[in-house]
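Here is what each chain is made of, one letter per residue.
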Amino acid sequence: MLAGKRILIVIGGGIAAYKVLEVIRRLKERGATVRVILTRSAKEFVTPITVGALSGETVFSELFNPAEEQDIGHIVLSRDTDLILVAPATANLIARMANGLADELATASLLAAAAPIIACPAMNQRMWAHPATQRNAARLLADGVRFIGPAEGRMAERGEAGVGRLSEPMDIVAGVEAFFAAAATPKPLAGRHVLVTSGPTIEPIDPVRFITNRSSGKQGHAVAAAAARAGARVTLVSGPVSIADPAGVDVVRVETALEMLEAVFAALPADAAVMAAAVSDWRPAGVAPQKIKKAAGDPPPLAFVENPDILASLGHSDRRPKVVVGFAAETTDVETNAGRKLQAKGADCIVANDVSPEGGVFGGDRNSVRIVSAAGIDAWPTLSKDEVAERLIALIAGRLA
Ligand code: C5P
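About the thresholds
- Residues numbered from 1 in each chain as written.
- Predicted model: local features only at pLDDT ≥ 70, side-chain atom pairs only at ≥ 80, totals over all residues.
- Heavy atoms only, no water.
- Helix = DSSP H or I, 4+ residues; strand = E, 2+ residues; numbered from the N terminus.
- Buried < 20%, exposed > 50% of the residue type's maximum accessible area, 1.4 Å probe, protein only.
- Contact = heavy atoms within 4.5 Å.
- Near = heavy atom within 4 Å.
- Polar contact = N/O pair within 3.5 Å; in protein donor to acceptor, adjacent residues only side chain to side chain.
- Areas by Shrake-Rupley, 256 points an atom, 1.4 Å probe, with all protein chains shown as cover.
- Salt bridge = Lys/Arg side-chain N within 4 Å of Asp/Glu carboxyl O.
- Pairing = 2+ DSSP bridges.
- Axes fitted to C-alpha atoms, helices over the stretch in contact; angles between N-to-C directions.
- Phe/Tyr/Trp six-rings, centres within 6.5 Å; stacked < 30°, edge-to-face > 60°.
- Lys NZ or Arg CZ within 6 Å of the ring centre and 35° of its normal.
- Core = buried A, V, L, I, M, F, W, Y, C linked by side-chain atoms within 4.5 Å.
- Lys, Arg positive; Asp, Glu negative; His and termini not counted.

A count of helical and extended segments in the protein chain gives 14 helices and 22 strands. If you line up the protein chain on its principal axes, its C-alpha atoms span 80 × 55 × 40 Å. Evaluated residue by residue, the protein chain yields a buried proportion of 47% over its 401 residues. Expressed as a percentage of contacts within the protein chain between residues at least 6 apart in sequence, the contacts between residues at least 24 apart total 67%.

On to the site of the ligand, then. The ligand sits among Met275, Ala277, Val279, Asp281, Pro308, Asp309, Ile310, Leu311, Gly326, Phe327, Lys341 and Lys345. Between the ligand and the protein, one listed contact pairs an oxygen atom with a backbone N or O atom of Leu311 at 2.8 Å. With respect to the ligand, the side chain of Lys345 contributes an N or O atom lying 2.9 Å from an oxygen atom. For the ligand, whose free accessible area comes to 440 Å², the fraction covered by protein is 87%.

This brings us to the pattern of salt bridges. Enumeration over the complete set of coordinates arrives at 18 salt bridges. As a salt-bridge pair, Arg25 and Glu22 come within 3.7 Å of each other at their nearest N and O atoms. Pair noted here: Arg25 and Glu22 are both in helix H1 (residues 17-29), with a separation of three residues, about one helical turn. For Arg25, a relative accessible area of 37% translates into the label partly exposed. Its relative accessible area of 26% is what places Glu22 among the partly exposed residues. Its salt-bridge partner being Asp348, residue Arg320 comes within 3.0 Å of it at the nearest N-O pair. Of this pair, Arg320 sits in the loop between helix H12 (310-315) and strand E17 (323-330) while Asp348 sits in the loop between helix H13 (334-345) and strand E18 (349-354); the two residues are 28 residues apart in sequence, bridging distant segments of the chain. Connected through shared salt-bridge partners, Glu22, Arg25, Arg26, Glu29, Arg30 and Glu177 make up one network.

With four bridges joining them, strand E7 (residues 151-154) and strand E8 (residues 161-165) adopt antiparallel strand pairing. Bridged to Glu152 within E8 is Val163. Linking E7 to E8, which pair antiparallel, is a turn of six residues; within it Gly159 sits at a positive phi near 80°.

Attention shifts here to helix H5 (residues 91-98). An α-helical segment advances 3.6 residues per turn. Residues three or four places apart therefore align on the same side. Among the eight residues in H5, six count as buried, and that is most of the element. For H5, the complete set of buried residues consists of Ala91, Leu93, Ile94, Arg96, Met97 and Ala98. As for H5, its buried residues are in contact with strand E1 (6-11), strand E4 (83-89), helix H6 (105-111), strand E5 (117-121), helix H7 (125-129) and helix H8 (131-142). Directly after H5, the chain includes Gly100, whose backbone phi takes a positive value near 70°.

Moving on: the sheet that holds strand E13 (residues 250-253). If you walk across this open sheet you meet the eight strands as E13-E12-E9-E14-E17-E18-E20-E21, and the pairing is mixed. Every other strand in the sheet has two partners, leaving E13 and strand E21 (376-379) as the edge strands with one partner each. Going across the sheet, the axis of each strand differs from the next one's by a mean of 20°, ignoring polarity. The pairing of strand E9 (residues 193-198) with strand E14 (residues 272-275) spans four bridges and is classified as parallel. Pairing of Val196 across the sheet is with Val274, part of E14. Here helix H14 (residues 385-400) sits on the sheet in contact with E14, E17, E18 and strand E20 (369-373), set at roughly 145° to E17.

Let us now look at the packing of aromatic side chains. Taken as a whole, this structure holds one aromatic pair when the rule is applied. The ring of Trp380 has Arg391 sitting right over it, with the charged end atom 5.3 Å from the ring centre.

This paragraph deals with the nonpolar core. Ranked by size, the top nonpolar core spans 33 residues in total, and within it Leu189 and Leu392 carry the most contacts. Put simply, the parts of the chain that give this core at least two residues each are E9, helix H10 (218-229), strand E12 (233-238), E14, E17, E18, E20 and H14. Per-element tally for this core: the top contributor is H14, with seven residues. Setting aside its immediate chain neighbours within four residues, Leu392 contacts Val223, Val274, Val325, Phe327, Val351, Ile371 and Trp380. Counting 32 residues, the second-largest nonpolar core is a separate cluster that includes Ala16, Leu27, Val59 and Cys120.

Relative to the elements of secondary structure, Arg35 occurs in strand E2 (residues 33-38). Here Arg35 sits buried without a salt bridge, and the closest side chain of opposite charge, Asp80, lies 4.2 Å off (N-O distance). One polar contact links the side chain of Arg35 to the main-chain carbonyl oxygen of Asp80, over a distance of 3.4 Å.

On to the side chain of Glu104, then. With respect to the helices and strands, the residue Glu104 is situated in the loop between H5 and H6. Polar side-chain contacts of Glu104 include one of 2.8 Å to the backbone nitrogen of Arg40. The contact partners of Glu104, leaving out residues within four places of it in the chain, are Leu38, Thr39, Arg40, Leu63 and Arg96.

Here it is in structure tokens:
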């Protein structure tokens, strides 16, 4: 996997720098060419001689060193590479990267880089948890920088523990291998636009109350992530959830079914749509403008009106994506109900799952589904929600091909 890969490691000035020596050794063992830039402060922790001996290459550090620039300019250094690994990525180095500073060779090279970057943070747990570091890391993530770690455990400071340790060398190597493996996997949905709905909708009763459906958004978000990994441009229209946005996906946040319907149609055209949201079938007939008071006597009656069926609207629309997939969460007669929905909603297939309480599907990480389509019923084994998503995306890619 790593044979012939050119990896540039930027070593930051942290106590964990010594662990990166092991990373260099393991990457070299696997056939990668490893070149290293040391930040100025990294030289306080590891010496260019040790690093050079391990990497078997010239070690760079100075921006204005004529000898080094002659040998290989700092722009070339970051260009002529398949991957840049920043380890340890100290709080200071992360802050400089997030702000585009080019105050020494290491940061100038990162700013000039065309290659993908993986940062491996390492710092005291309080520094990692600090809002400034979290802000900087989030900005790097948004800029496309990937992260390995930080890991949890004991800190260099006596008696302190938490999240902030550099990941173990072999975990970093595994992360690098996974990166190249993902880059090498085919992208069957390249050039396609996939639309996904996920999470619940919430329907207000008054300014403080609402009704909703149970949905963690895990399955829908996993589908969006899998579609992005398969190379698609992905629009994820999501109701309120407490899980993170999947990487590389455009997220449109909505609350009500009416907002979701509008966002779905605004995102068209799409090649495929996967409607995994738990849309509220009804909404309160009128939203009280003020909080409904608890008065003596009867509780207030609630009248409902039906929400539009987003899946059916899309499935029967003249702007219908070529492949439309619906979900059916049922507690009884799973297959019969799913079969009926296939017709009613104009879907190509329905992913039917039994959500009776004993199954633990809601909020859980595993799912047991049957794929109901014109071709019949295909029962998949119990899989993780990520695996269900992968299979579903493969199925969609097959139908689009
Ligand atoms: O009819 P039921 O709610 O069981 O159908 C489930 C499927 O229909 C899911 O794919 C869900 O996202 C979709 N749906 C919808 N709009 C609604 C109700 C359900 O898109 N109003």
